[in-house]
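Analysis of the macromolecular model
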Amino acid sequence: MSGHAGTDQVIAPAGEPGFDPDRQVQVPRLSFLPEGDGVVVGNADTDSYAVLPTDGAELLRRLAEGMTPRAAAAWYAETYGEEVDIAELLADLAELGLVALPDTAGLSTPSAPAPVRWQRLGRALFSPVALLAYAALIVAAVAVAVAQPDLRPHYRAIFFTDYLTVVTIVLAVGQWPLIALHESAHALAGRRLGLRSRLTIGYRLQYLVFETVMDGLVTVPRRKRWVPMLAGIGVDLVVMALLTLAAAALREPDGSLPLLARLCLALSFGALLRVAWQFFLYLRTDLYYLLTLVLGTVDLHGSASVLLRHRFRRLTGRPGLDQQWARLHPVDRRTARWYSWVMVAGYAATLATLAFAIVPAGIHFFAEALAELDGRHGTDNLVDSAVVLVLSVAELAFVGYLALRTRRRARTTPA
């Protein structure tokens, strides 16, 4: 923040003839949150955020209190013993949306921020009473599943009908609203705090994905961040509970489960897989971000990955990554020593999920499809199996094509 020019040059540098150091700048409503060695300064109305050094944040506070740029520069020089290029600083802050310069078109009279929509709904859905109600639902569902074993989550629940084409389409399409509900919970939990969080829809490979943009969370005190972070997992657990209780309520007098009840259990198993995925901590899941919040790390995932590669290289007799490891943040280095084993456990959880859920379900799925191809169970089953196999092979072929195309582009693109 320091400069070497004289006071007049610092206040009104060449190239900015319209800048008036004795005229107040417009500073919108900002939040200041100490974070590590700096201060996170944010404008929630425009989703603009920056990490400033402590002295820079204090200077911005003086401008927000009504000091003119000249007075703020003089205060900074007296307080910190250094001069500041206030004009350049204001230009940078204006570009970040943290101040509005008087002579900048469109920024001299900032409009009043629009109220955050859905804030009341978010507060109602995540109030203490609502959280207790969700917990009661989950406890009730667990009790019912313990008493009625056929309601417990199992990969065979996916096959709620003999028509595999129906299974494929219904589960693929039926999960979209539940995934959107998961992400909407994050967004509403953020809006409950006054953040302008939003839900977006996009694509990864051939899959439709929902994502929550919640940049303003960095300006919220740490103790208030855990609800927005865990809201998605909580919704998945509540959805599982509701679907399990619905299946129990739909049970026939003879004890059998009708089609709708079986569909509920199939969708419930899909929600369970989403919860299990959160424990794959080698990925940046909701639980990962919660853990980084609690530990106060900078890049825990990257640091633990460096340590794992370092250990593997040393184990195989190759030079380690000592220099790369030494450049990491001290908190990350200290935490990565044990978190790297958590990442290994995440890989183990992935393998367990594949071994006990994904692979058995896939084998059962294709075995059923192949068994129907002989036509002994009727034309309908033959057509059903053929369609499923064609769709499955086409999907795998499409993913393989995309992977090969990406690899070829990576090879031909100049470094």
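Summary of the structure given here. Keep in mind it's a predicted model, so treat the numbers as computed, not measured.

Before going further, it helps to examine the packing of helix α2 (residues 54-64) against helix α3 (residues 69-80). Relative to each other, α2 and α3 sit at 145°, their axes nearing to 10 Å. The hand of the α2/α3 crossing is right-handed. When α2 is examined against α3, the residues T54, D55, E58, L59, R62 and L63 are found in contact with a partner set consisting of P69, A72, W75, Y76 and Y80. Grouping the constituent residues of the contact of α2 with α3 by class yields seven nonpolar, one polar and three charged.

This paragraph deals with the environment of A187. Considering the arrangement of structural elements, one finds A187 in helix α7 (residues 164-191). Residue class for A187 comes out buried when judged on its relative accessible area of 9%. Considering only alpha carbons, one finds A187 and L199, 12 residues apart in sequence, at a separation of 6.5 Å.

It helps to recall that an α-helix has 3.6 residues per turn; residues three or four apart then point in one direction. Helix length check: helix α8 (residues 226-249), at 24 residues, gives a terminal C-alpha distance of 34 Å against a target of 34 Å (1.5 Å per residue), a fit within 8%. When the local axis directions of α8 are compared, the greatest deviation, roughly 40°, occurs at G232.

Let us now look at the packing of aromatic side chains. By the definition in use, this model includes five aromatic pairs. Taken together, a centroid distance of 5.9 Å and an interplanar angle of 80° make the contact between W75 and Y80 edge-to-face. When the centroid spacing of 6.3 Å and the interplanar angle of 50° are considered together, the rings of Y288 and Y339 count as tilted. You can see Y288 sitting in helix α10 (residues 286-295) and its partner Y339 sitting in helix α13 (residues 330-371), a full 51 residues away along the chain. Exposure class is identical for Y288 and Y339. Each is buried. Ring pairs connect the aromatic residues Y288, Y289, W338 and Y339, which therefore count as one cluster. Over the aromatic face of F32 sits the side chain of R61, whose NZ or CZ is 4.2 Å from the ring centroid.

Cut-offs used in this document
- Residues numbered from 1 in each chain as written.
- Predicted model: local features only at pLDDT ≥ 70, side-chain atom pairs only at ≥ 80, totals over all residues.
- Heavy atoms only, no water.
- Axes fitted to C-alpha atoms, helices over the stretch in contact; angles between N-to-C directions.
- Helix = DSSP H or I, 4+ residues; strand = E, 2+ residues; numbered from the N terminus.
- Left-handed = near helix turned anticlockwise from the far one by under 90°.
- Contact = heavy atoms within 4.5 Å.
- Nonpolar A, V, L, I, M, F, W, Y, C, P; charged D, E, K, R; others polar.
- Buried < 20%, exposed > 50% of the residue type's maximum accessible area, 1.4 Å probe, protein only.
- Expected span 1.5 Å × (residues − 1).
- Bend = angle between axes of the 7 residues up to and from the residue.
- Phe/Tyr/Trp six-rings, centres within 6.5 Å; stacked < 30°, edge-to-face > 60°.
- Lys NZ or Arg CZ within 6 Å of the ring centre and 35° of its normal.

Just geometry here; none of it tells us what the structure is for.
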